[in-house]
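Structural overview for review
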Amino acid sequence: MKKVLLVIVFVLGLWKDCGAQNKKIDSLLTVLKTAKEDTLKINILNKLAWEIREELPDSAKSYCNQSFVLIKKLTSNTNDRYIKEWLELATTDVNNNLGVLNNVVYQNHKAAMEYHLKNVAIRERLLHSPYPYIVWRSKRGLGDSYKNVGAAYMGDDEKTMEY
């Protein structure tokens, strides 16, 4: 009897998590429809790509590509250093999504490494920013970038340990 009850609770817990996940995705899609072409839209596209990466990898990749297009557009329309550096951080979020997607879903470890190594380079460069928030985000993300490079090198113990 306890085993049956435990199974029922487990299944209901999974069902509840799936519903919460769908609500989050639905909310992001709803907000995306009316989002202006600004940094908020980039964040929405990135979060949406992350949420659907395993179930709908091709759609996740499409959202990442839309983010890249918008980042390039916004970068070319400003001379403000803070905005350009913030957009570089947004680029690292997109690169992370594509790196994880390539590593975990598509099993394309070489492409995953390229995205994660780009993140390492961007974040190391941004450590010298005059803006504390940019430096903080770069420091915070640098460890994740190294971890992700190491994960993409799995199978090559020497390279994995290097990162």
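Keep in mind it's a predicted model, so treat the numbers as computed, not measured.

**Considerations on the packing of helix 4 (residues 81-105) against helix 5 (residues 109-126)**
Here helix 4 crosses helix 5 at 160 degrees, and the two axes come no closer than 8 Å. Compared by their axis directions, helix 4 and helix 5 come out roughly antiparallel. Viewed along their axes, helix 4 and helix 5 form a crossing whose handedness is left-handed. In terms of residue class, the contact of helix 4 with helix 5 is made up of eight nonpolar, ten polar and six charged.

**What about the side chain of S138?**
Position of S138 among the secondary structure elements: in helix 6 (residues 132-152). Leaving out residues up to four positions away in the same chain, S138 has contacts with L89, R123, L126 and L127.

**Some words on the packing of helix 5 against helix 6**
The geometry of helix 5 relative to helix 6 is characterised by a closest axis approach of 8 Å and an angle of 155 degrees between their N-to-C directions. Between helix 5 and helix 6, the angle falls in the class roughly antiparallel. Once helix 5 is placed against helix 6, the crossing between them reads as left-handed. In this structure, helix 5 uses H109, A112, M113, H116, L117, N119, V120, R123, E124 and L126 to contact helix 6, whose residues at the interface are I134, V135, S138, G141, L142, S145, Y146, N148, V149 and A152.

**Some points on the nonpolar core**
Note that soluble globular proteins tend to have their nonpolar side chains buried in a common cluster. I42 and Y63 are the most contacted members of the largest nonpolar core, which has 27 residues in total. Contributions of two or more residues to this core are made by helix 1 (2-34), helix 2 (39-52), helix 3 (57-76), helix 4 and helix 5. Sequence-distant contacts of I42, defined by excluding residues within four places in its chain, comprise S67, L70, I71, L74, L87 and A90. By size, the runner-up hydrophobic cluster in this structure holds seven residues, among which are A112, M113, A152 and Y153.

**A short note on the side chain of R53**
Tracing the chain through its elements places R53 in the loop between helix 2 and helix 3. For R53, the side chain forms a polar contact with the main-chain oxygen of W50, separated by 2.4 Å. Ignoring anything within four residues of it in the chain, the contact list for R53 reads A60, V100, L101 and V105.

**Things to note about the packing of aromatic side chains**
With the rule as written, the count across this model stands at two aromatic pairs. Taking 5.9 Å as the distance between ring centres and 35 degrees as the angle between the ring planes, the aromatic pair formed by Y133 and W136 counts as tilted. Of the two residues, Y133 and W136 both sit in helix 6, three residues apart, roughly one turn of that helix. Take Y133: its relative accessible area is 36%, and that puts it in the partly exposed class. Take W136: its relative accessible area is 45%, and that puts it in the partly exposed class.

**Focus on helix 3**
Along an α-helix, a turn takes 3.6 residues, which lines up residues three or four apart on a common side. Here helix 3 is 20 residues long and its end C-alpha atoms lie 29 Å apart, about the 28 Å a rise of 1.5 Å per residue gives. Residues of helix 3 that are buried include every one of P57, A60, Y63, C64, S67, F68, L70, I71 and L74, and no others.

**Section: the pattern of salt bridges**
Taken as a whole and judged by the stated rule, the model has six salt bridges. Notably, a salt bridge pairs K73 with E37, separated by 2.6 Å at the nearest N-O pair. One end of the pair, K73, is in helix 3; the other, E37, is in the loop between helix 1 and helix 2, with 36 residues separating them in the sequence. Residue classification places E37 among the partly exposed residues on the basis of a relative accessible area of 44%. Here R125 makes a salt bridge to E88, at a shortest N to O gap of 2.1 Å. Linking R125 in helix 5 with E88 in helix 4, this pair joins segments that are 37 residues apart in sequence. Residue classification places R125 among the partly exposed positions, given a relative accessible area of 46%.

What counts, and where the lines are drawn
Residues numbered from 1 in each chain as written. Predicted model: local features only at pLDDT ≥ 70, side-chain atom pairs only at ≥ 80, totals over all residues. Heavy atoms only, no water. Axes fitted to C-alpha atoms, helices over the stretch in contact; angles between N-to-C directions. Helix = DSSP H or I, 4+ residues; strand = E, 2+ residues; numbered from the N terminus. Parallel < 35°, antiparallel > 145°, perpendicular 65-115°, else oblique. Left-handed = near helix turned anticlockwise from the far one by under 90°. Nonpolar A, V, L, I, M, F, W, Y, C, P; charged D, E, K, R; others polar. Contact = heavy atoms within 4.5 Å. Core = buried A, V, L, I, M, F, W, Y, C linked by side-chain atoms within 4.5 Å. Buried < 20%, exposed > 50% of the residue type's maximum accessible area, 1.4 Å probe, protein only. Polar contact = N/O pair within 3.5 Å; in protein donor to acceptor, adjacent residues only side chain to side chain. Phe/Tyr/Trp six-rings, centres within 6.5 Å; stacked < 30°, edge-to-face > 60°. Expected span 1.5 Å × (residues − 1). Salt bridge = Lys/Arg side-chain N within 4 Å of Asp/Glu carboxyl O.

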